[in-house]
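An overview of the molecular structure
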Amino acid sequence: MTVSIDRNLCYGSGECAHRVPAVFAFEDGYGGVRPGREGGDEALVREAAERCPSQAISVTE
Ligand code: SF4
């Protein structure tokens, strides 16, 4: 599993970083994936992606 955030969609709610701080960070007003953490806890990452208000988080196998 890999996860990424489309900054063109993210509007900086910060929810992903709040929900899964081990994988997501909040930087420069946007959510981001911490380097090397793209394969973090799958269930939590998928939940964060589903709950992202702008659907900016992509999870791929
Ligand atoms: S939850 Fe979505 S909109 Fe909010 S900071 Fe994360 S990627 Fe951006």
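First things first, this report covers the structure right here in the doc. (Residues numbered from 1 in each chain as written. Predicted model: local features only at pLDDT ≥ 70, side-chain atom pairs only at ≥ 80, totals over all residues. Heavy atoms only, no water.)

Description of the nonpolar core
Counting 14 residues, the largest nonpolar core has Val3, Ile5, Val23, Phe24 and Ile57 as its most contacted members. Among the secondary structure elements, those contributing two or more residues to this core are β1 (2-5), α1 (15-19) and α2 (42-51). The leading source of residues in this core is α2, at three residues. Setting aside chain neighbours within four positions, we find isoleucine 57 in contact with Val3, Ser4, Ile5, Cys16, Phe24, Ala48, Ala49 and Cys52. (Core = buried A, V, L, I, M, F, W, Y, C linked by side-chain atoms within 4.5 Å. Buried < 20%, exposed > 50% of the residue type's maximum accessible area, 1.4 Å probe, protein only. Helix = DSSP H or I, 4+ residues; strand = E, 2+ residues; numbered from the N terminus. Contact = heavy atoms within 4.5 Å.)

Digging into the site of the ligand
Around the ligand sit 13 residues, and of these Cys10, Ser13, Gly14, Cys16 and Cys52 come closest. Judged by the fraction of its atoms near the pocket grid, the ligand is located in the largest cavity. For the shell around the ligand, a count of residues per class yields seven nonpolar, five polar and one charged. (Near = heavy atom within 4 Å. 1 Å grid on protein atoms, 1.4 Å probe; cavity = no way out; pocket = protein on both sides within 12 Å on 5 of 7 lines; lining within 4 Å. Sits in = over half its atoms within 2 Å of the grid points. Nonpolar A, V, L, I, M, F, W, Y, C, P; charged D, E, K, R; others polar.)

Side note on the pairing of strand β2 (residues 24-27)
Pairing analysis gives four bridges linking β2 to strand β3 (residues 30-33), with the strands arranged antiparallel. Looking at β3, one finds that alanine 25 is bridged to glycine 32. Two successive antiparallel strands, β2 and β3, enclose a turn made up of two residues, where aspartate 28 displays a positive phi of approximately 55°. (Pairing = 2+ DSSP bridges.)

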